[in-house]
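# Topology and contacts: notes
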Amino acid sequence: MNDFGLSIWGNSNFVIENGKVCVNAASKPAIIDIVRDIRDDGYRGPLLLRFPHLIQKQIEQIHASFAKAKKEFAYKGSFNAVFPLKVNQYPGFVKNLVRLGKPYNYGLEAGSKAELLLTMAYNNEKAPITVNGFKDKELINIGFIAAEMGHNITLTIEGLNELEEIIATSKQRFKPKPKIGLRIRLHSTGSGLWAKSGGIHSKFGLTSTELIEAVKMLKKANLLENFTMIHFHIGSQISEIHPLKKALIEAGNIYAELRKMGAMNLKAINLGGGLAIEYSQFKEESSRNYTLNEYANDVVYMLKTISEQKNEPQPDIFIESGRFIAASHALLVAPVLELFSQEYTEEKLNLKKNNPNLITELVDLYKSIKPSNALEYLHDAIHHTESVLTLFDLGYVDLQDRSNAEVLLKLISKKAVVMLGNKSNSSGDLAKIQKEVQERYLLNFSIFQSLPDFWGLKQNFPIMPLDRLDERPTLPASIWDITCDSDGEISYDDEKNPLLLHDVDVEKEDYFLGFFLVGAYQEVIGMKHNLFTHPTEATIELTNDGYKIVNLLESQSILDIMEDMDYDIYEIQDTLNERLEKSTLINETQKKQILGELYLFLNDNSYLKTIN
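The notes below deal with the structure included here. Counting restarts for each chain, with residues numbered from 1 along the sequence as it is written. The predicted origin of the model limits local features to residues at a pLDDT of at least 70 and limits the giving and counting of side-chain atom pairs to 80 or more, whereas totals for whole chains, interfaces and linings rest on all residues. Side-chain measures here rest on the full set of heavy atoms in the structure, leaving out hydrogens and waters.

Turning our eyes to something else, we now look at the sheet that holds strand S11 (residues 316-319). Within a beta sheet, neighbouring strands are joined by backbone hydrogen bonds and run either parallel or antiparallel to one another. Between any two strands, pairing holds if DSSP finds at least two bridges. What counts as a helix is a DSSP run of H or I of at least four residues, what counts as a strand is a run of E of at least two, and both are numbered from the N terminus. Taken in spatial order, the eight strands close into a barrel running S4-S5-S6-S7-S8-S9-S10-S11, and their pairing is parallel. Going across the sheet, the axis of each strand differs from the next one's by a mean of 25°, ignoring polarity. Where strand S7 (residues 152-157) and strand S8 (residues 179-183) come together, four bridges link them in parallel fashion. Note on S8: the bridge partner recorded for Ile157 is Leu182. Residues are treated as being in contact if the distance between any of their heavy atoms lies within 4.5 Å. A fitted line through C-alpha atoms represents every axis, and for helices the fit uses only the stretch in contact; the resulting angles, taken between N-to-C directions, go from 0 to 180 degrees. Along the sheet face, helix H7 (residues 160-172) touches S7 and S8 and points at about 135° away from the line of S7. Along the sheet, helix H9 (residues 242-260) makes contact with strand S9 (227-231) and strand S10 (268-270), crossing S9 at roughly 160°.

Aromatic contacts are taken between Phe, Tyr and Trp rings whose centres are within 6.5 Å, Trp giving its six-membered ring; a plane angle under 30 degrees counts as stacked, one over 60 as edge-to-face, and the others as tilted. Applying the stated criterion to the full structure yields 14 aromatic pairs. Each ring, one from Phe66 and one from Phe79, has its centre 4.1 Å from the other, and the planes form 10°; the classification is stacked. Residue Phe66 is found in helix H3 (residues 52-72), and its partner Phe79 is found in strand S4 (residues 79-84); the two are separated by 13 residues along the sequence. Throughout, exposure labels follow a simple rule: accessible area from a 1.4 Å probe, protein chains only, divided by the maximum for the residue type, with under 20% read as buried, over 50% as exposed, and the rest as partly exposed. For Phe66, a relative accessible area of 0% puts it in the buried group. By relative accessible area, which is 13% here, Phe79 ends up buried. Put simply, the rings of Trp9, Phe14, Phe51 and Phe516 touch in pairs and so form one group of aromatic residues. Over the face of the ring belonging to Tyr366 we find Lys415, whose NZ or CZ atom lies 4.2 Å from the ring centre. To sit over a ring, a charge needs its Lys NZ or Arg CZ within 6 Å of the ring centre and within 35 degrees of the ring normal. Over the ring of Phe454 we find Lys458; its NZ or CZ atom is 4.9 Å from the centre of that ring.

Bringing the side chain of Thr228 into the picture now. Its place among the elements puts Thr228 in strand S9. Other than its neighbours up to four places away in sequence, Thr228 contacts Thr154, Lys179, Ile180, Asn265, Leu266, Lys267 and Ala268.

Now for the pattern of salt bridges. Salt bridge criterion: a side-chain nitrogen from Lys or Arg within 4 Å of a carboxyl oxygen from Asp or Glu. Per the counting criterion, the structure on display carries 22 salt bridges. With a closest N to O distance of 2.7 Å, Arg259 and Glu312 form a salt bridge. You can see Arg259 sitting in helix H9 and its partner Glu312 sitting in the loop between helix H10 (292-310) and S11, a full 53 residues away along the chain. A relative accessible area of 7% places Arg259 in the buried class. The class of Glu312 is buried, set by a relative accessible area of 16%. The shortest N-O distance in the salt bridge between Glu509 and Arg468 comes to 2.9 Å. With Glu509 in the loop between strand S17 (500-501) and strand S18 (512-515) and Arg468 in the loop between strand S14 (463-465) and strand S15 (475-480), this residue pair connects regions lying 41 residues apart in the sequence. Look at Glu509 and you get partly exposed, because its relative accessible area is 36%. What you see here is one network of salt bridges that share partners, running through Arg50, Glu523 and Glu537.

Shown next as structure tokens:
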């Protein structure tokens, strides 16, 4: 059985039972059944399913791993986690995170004014708030207001100009003050796609010279006691553990040196994000080379060792591992609209009484192909078809002959793939032809909206059908979205993305693909290319005997999208009505019918409805 790498990336969150992907918790409901329940209520297009129990699982795992490491190494500092809102600001995620994180004093991190105001409204009482990113006077004032409201907030300084503004603001506002953190610019960098966000040339952080100056400024302003944290970040999705160890040594030494300079309230080191998850569904393309327990052990051991060597207190540990917490909770489901080779059937053959020799030979290949000659006959078919296309360009065969050649090649290819796949020693032969005979699956979704990291960074996500998993998939698959853009494709790659899917007739049965681990960054970065917007979403709460579908939120209507783009929607509706009224091509009854149709279209979403 092909499990589509579930044993690699699944983290035991899902399981295959009776040929279906099931949630591996409670009564183990099948995802396809959840999707059909939602579609029975009339919802079409892509669906984003949220599973809050997976948020809880990640929170519990990360706290359990650090608790175990602290116990093993007798670590005296505390462990704290905050979630960076930039990873997913959608309320369907954030409200569940705050609720489920309350027993762990789980906090939030903000990187803008809007995010900070969200944290002030939703963060659990006394749970930490950290504020990163560039700050102006207004954002710093909001930070002071948060402290005045009783929030446990730390403003992390990215530059000395921000510290100057904090010092000035502290003289103007009331007695409660926020804690102050300094982002340190390490020489150490991470690994993987986001390694450039760390290192000495990174966008954020203070150099050694600036750190010394910052301590002097804090002393002069009598704010050194508010300096409680240093922060570093060596990159998102760190694929290897060694760069983190190097960064911890560097940060630990800076921590000790700053305390020797008089920063005695400096008691915390914030590691930022970077804790990786496994995206790969193929063994050859691992996303990380370490486990969560290894990560926690290395952090605790390294910081304890440095503290003891420097004779300094063991610091409180903060992390901002947003991707680790959020990615697994969300699943994108998209219906397949069409397999492009389905138009190539025997019924589409239109053979002549007297066909060109090449067409006759293609017919013979199709009729006589068998497992022992499948690879040879497929190569012959490809060569014959190329010859027919050349003859067509030269005017020696007509469009009917060309059509017959294309149909026959597809029919022979499908037979060959099935035959070679059934041979026990065929893996090498099959790999040779899969790229040449790949199928194109058209899906009702937008890659630009729902998988922007694939479009921008070629970050792969696990993909698998929701059912038919007790049947062997035979077709090497490329996935096309419905945008009017050739970049809206996830191509078959026999090395990096050797995805095989089933040969189905979508006019007779539904076929859904699931895109897993999309809960981090994809929603908030997704763009309205072709004016496709966030898909319909639903939160799935598991019960002992099934599940509940709650917080079902339909994708935005076309009018809503236009309003988001700053169009005057009333002007649009009035203009359409006026132009309809002026038309002399239809009568008044027909105009009334069209007016009603336009109303329905404008108040519906952009995804395709009449087919799947």
